[in-house]
Amino acid sequence: MEKDTICVQSGWKPANGQPRLMPIVQSTTFKYDSSEQMGRLFDLEDSGYFYTRLQNPTNDMAAQKICELEGGYAAMLTSSGQAANYYAVFNICEAGDHVVMSSTVYGGTFNLLTCTMKKMGIECTVVDPDAPQEELEKAFQKNTKCVFAETIANPALVVLDIEKFANLAHMHCCPLIVDNTFATPINCNPINWGADIVTHSTTKYMDGHGAAVGGCIVDSGNFDWAAYPDRYPGLCTPDQSYHGIIYTEKFGKGAYITKATSQLMRDLGSIQAPMHAFLLNLGLETLALRMERHCSNALKAAQYLKGHEKVAWVEYPGLPDNRYYELAQKYMPKGTCGVIAFGLKDGRAAAGEMMDKLKLAVIATHVADSKTCMLHPASHTHRQMSDEQLVEAGVAPDLIRLSVGIENPNDIIADLEQAIG
Ligand SMILES: *Cc1c(COP(=O)(O)O)cnc(C)c1O
């Protein structure tokens, strides 16, 4: 099936007489007839639901749809995009391990890897994703267990050379984890270019309406953990908390997601509420349609800003003169995303003034939903970063992030016009 059909048809497949719309299994627990069967579930000998902290059918149906859209092998939902990125890394890293991460990742991910996970004993080396191969090679250590980057960085709009990063990771016996939130699987499938694991903040375009925080991890099933048993002991040696099962032996290509579900979800519990998974699924039904509109609106808005005398610069990978245009054409020929970054000639102060005049666009921490909104990262989301860190992350102090919605493009441009003046 084509992606727009998967968006509508995949996941829940009703049998005769069942509801057409995916039901919400609003239950923490599931009943069984025999004590033995319940025991087998806890031993991972049988598959089945027993407690919603680990798994819930509604979540799994929405995850299945995302898995198909990404061309993955298995997927799981998490309570947020942050939880997805945390689990994706922590599932294969422990104290003493090391991660190579692109400097331009989302601020929350930057904090997670460089501050919080550091406290857990996992070190992170930050690299410029555009650095030459030799430079990037230097970041790797014997204990490097994964490489982490974003397809289109939020908010710097740096486009990742996915193939280059996948090759680099694989040369060092590591999987590449790509946060594909901004491109969405409609515009890019990182797995097709060699990425091993894909994460999402479903809070953004997938939900699409700013209704529910959520995340997702998709595993391609392609990385051969069993080839490196010493590097990935969590997947390749007995798990004492499950009577010594070995995930790679028992679950093959499903090892990674099974471990994340049955071990990390069990112990850390960042499950998505089934109600949120229901809302996510509704959002997914229109994802392909909405992305088309987000991208065409954003291109029009970017072209308008580009021609405005008070605008100093515009960053949008869909613009032919953008430094990432070629990469964007290669990885995202149908379009990139609805987010634009720009700066005003009068700089930081002018940004605040202009934003206060907006009528249609709202000032919001959010990005990537149906309603046009704007944010000034240096004063809002990234305010904990030093100027140096901001520049390293590709976030100029005057950068304004415009998330173009699916309203009529003329109304969006008219609002920009009256606000910029
Ligand atoms: C928003 C975002 C996250 C974090 O997701 P939450 O759902 O807010 O926890 C991670 N990565 C990217 C690229 C994001 O835009």
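Reference entry: report on the structure contained in this document. Just so you know, the residues in each chain are numbered from 1, in the order the chain's sequence is written. Given that the model is predicted, a residue must reach a pLDDT of at least 70 before its local features are reported, and side-chain atom pairs must reach 80 or more before they are shown or counted; all residues, however, enter totals for whole chains, interfaces and linings. Heavy atoms throughout the structure, all of them, feed into the side-chain values; hydrogens and water do not.

**Some points on the packing of helix 3 (residues 57–70) against helix 12 (residues 274–285)**
Here is step 1: As a packed pair, helix 3 and helix 12 sit with axes 8 Å apart at the nearest point and diverge in direction by 35 degrees. The crossing of helix 3 and helix 12 is left-handed. Residues T58, N59, A62, K65, I66 and L69 of helix 3 touch helix 12, and the partners they reach there are P274, A277, F278, L280, N281, L284 and E285.
Here is step 2: Considering only residue class, the contact of helix 3 with helix 12 consists of 8 nonpolar, 3 polar and 2 charged. Between the N-to-C directions of two axes lies an angle of 0 to 180 degrees, each axis being a line fitted to C-alpha atoms and, for a helix, fitted only over the stretch in contact. Secondary structure counts use DSSP, requiring at least four H or I residues in a row for a helix and at least two E residues in a row for a strand, with both numbered from the N terminus. The crossing is said to be left-handed when, going from far helix to near helix, the turn is anticlockwise and less than a right angle, and right-handed when the turn is clockwise. Contacts are assigned to residue pairs that have any heavy atoms within 4.5 Å of one another. Three residue categories are used. Nonpolar comprises Ala, Val, Leu, Ile, Met, Phe, Trp, Tyr, Cys and Pro, charged comprises Asp, Glu, Lys and Arg, and polar comprises the others, including Gly.

**Description of the site of the ligand**
Here is step 1: Near the ligand lie 15 residues; those nearest to it are G81, D179, S201, T203 and K204.
Here is step 2: In the environment of the ligand, an oxygen atom lies 2.9 Å from a nitrogen or oxygen atom belonging to the backbone of G81.
Here is step 3: Identification of polar contacts relies on pairs of N or O atoms within 3.5 Å, with a donor-acceptor requirement for protein atoms, meaning one able to donate a hydrogen and the other able to accept it, and with residues adjacent in sequence counted only if both atoms are side-chain atoms. Here N154 contributes a side-chain N or O atom positioned 2.9 Å from an oxygen atom of the ligand.
Here is step 4: For accessible areas, the Shrake-Rupley method is used with a probe of radius 1.4 Å. Any residue's cover is judged against the shown protein chains and nothing else. Relative to its free-state accessible area of 380 Å², the ligand is covered by the protein chains to the extent of 92%.
Here is step 5: Tallied by class, residues from the shell around the ligand come to 3 nonpolar, 9 polar and 3 charged. If even one non-hydrogen atom of a residue comes within 4 Å of a molecule or strand, that residue is called near it.

**As for the pattern of salt bridges**
Oppositely charged side chains can pair when the atoms bearing their charge come close.
Here is step 1: A carboxyl oxygen of Asp or Glu within 4 Å of a side-chain nitrogen of Lys or Arg is what we treat as a salt bridge. Counting across every chain of the model gives 8 salt bridges.
Here is step 2: The salt bridge partner of R266 is D267, with a shortest N-O separation of 2.6 Å.
Here is step 3: R323 is paired through a salt bridge with E315; the nearest N and O atoms lie 3.2 Å apart.
Here is step 4: Categorising residues by exposure relies on relative accessible area from a 1.4 Å probe, with only protein chains included: less than 20% of the type maximum marks a residue as buried, more than 50% marks it as exposed, and the intermediate range marks it as partly exposed. Taking the relative accessible area as the measure of exposure, E315 reaches 13% and is therefore buried.

**Side note on the side chain of T184**
Here is step 1: Relative to the helices and strands, T184 resides in helix 8 (residues 184–187).
Here is step 2: Setting aside anything within four residues of it in sequence, one finds T184 in contact with H200, Y205, L287 and M291.

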